[in-house]
Amino acid sequence: MEFQKQYNSNYNLGTAPDRVKFCICERSRENVIVCSRCKQSFVGRISQRCPKHPEVTFLMDARQCAFCGAHANFLQVSETKR
Ligand SMILES: [Zn+2]
Ligand SMILES: [Zn+2]
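Residues numbered from 1 in each chain as written. Chains lettered and ligands numbered in written order. Predicted model: local features only at pLDDT ≥ 70, side-chain atom pairs only at ≥ 80, totals over all residues.

### Here's the deal with the overall build of the protein
In terms of helices and strands, the protein carries 0 helices and 3 strands. Walking the protein from its N terminus toward its C terminus, one meets helices and strands in the order β-β-β. Counting only residues that meet the buried cut, the protein has 6% of its 82 residues in that class. Here the contacts in the protein between residues at least 6 apart in sequence split such that 64% fall between residues at least 24 apart. (Helix = DSSP H or I, 4+ residues; strand = E, 2+ residues; numbered from the N terminus. Buried ≥ 20, exposed ≤ 12 C-beta atoms within 10 Å, placed from the backbone. Contact = placed C-beta atoms within 7 Å.)

### Here's the deal with the pairing of strand β2 (residues 41-44)
Every other side chain in a regular strand lies on the same face of the sheet, so the side chains alternate between the two faces. One ladder, built from 4 bridges, connects strand β1 (residues 31-35) with β2; its direction is antiparallel. Paired with I33 across the strands is F42, a residue of β2. Following β1, the chain reverses through 5 residues before pairing antiparallel with β2; K39 in that reversal takes a positive phi of roughly 70°. (Pairing = 2+ DSSP bridges.)

### Regarding the confidence of the model for the protein
Within the protein, residue pLDDT values average 83, and 73% of them lie at 70 or more. Of all secondary-structure elements in the protein, the lowest mean pLDDT belongs to strand β3 (residues 75-80), at 86, while β1 reaches the highest, 96. (pLDDT = per-residue confidence, 0-100.)

### Notes on unusual backbone geometry
Positive phi outside glycine occurs at K39, with the angle close to 70°. Looking at the secondary structure, you find K39 in the loop between β1 and β2. Among the residues examined, K39 registers 9 C-beta atoms within 10 Å and is labelled exposed.

### Description of the environment of V32
Locating V32 in the fold gives a position in strand β1. For V32, a count of 14 C-beta atoms within 10 Å puts it in the partly exposed group.

### Overview of the environment of I46
You can see I46 is positioned in the loop between β2 and β3. Distance in space between the C-alpha atoms of I46 and N73 is 9.5 Å, their sequence separation being 27 residues. Residues in contact with I46, not counting those within four places in the same chain, are I33, D61, A62, A72, L75 and V77.

### Points about the environment of S28
Its place among the elements puts S28 in the segment before β1. A tally of 10 C-beta atoms within 10 Å means that S28 is categorised as exposed. Spatially, the C-alpha atom of S28 lies 7.3 Å from that of R45, the residues being 17 residues apart in sequence.

Written out as structure tokens, the structure reads:
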């Protein structure tokens, strides 16, 4: 089965109270992401676990810099295109 849930992995560390959970699955994929390590930028979406759907993973989301491979912690959204 491909649908193993991961509720107990790194989630639940308590960044947001339960009642402000909202779904980020449909957020924009057109952001300009800048890597603070290599200073390159690319368009995409930084991988974030949806507070409402922690078991969902978006394979297209950036988990690391497309250029230097830096961890997502180095990535910042610099602007949002519409
Ligand atoms: Zn969601
Ligand atoms: Zn980089």
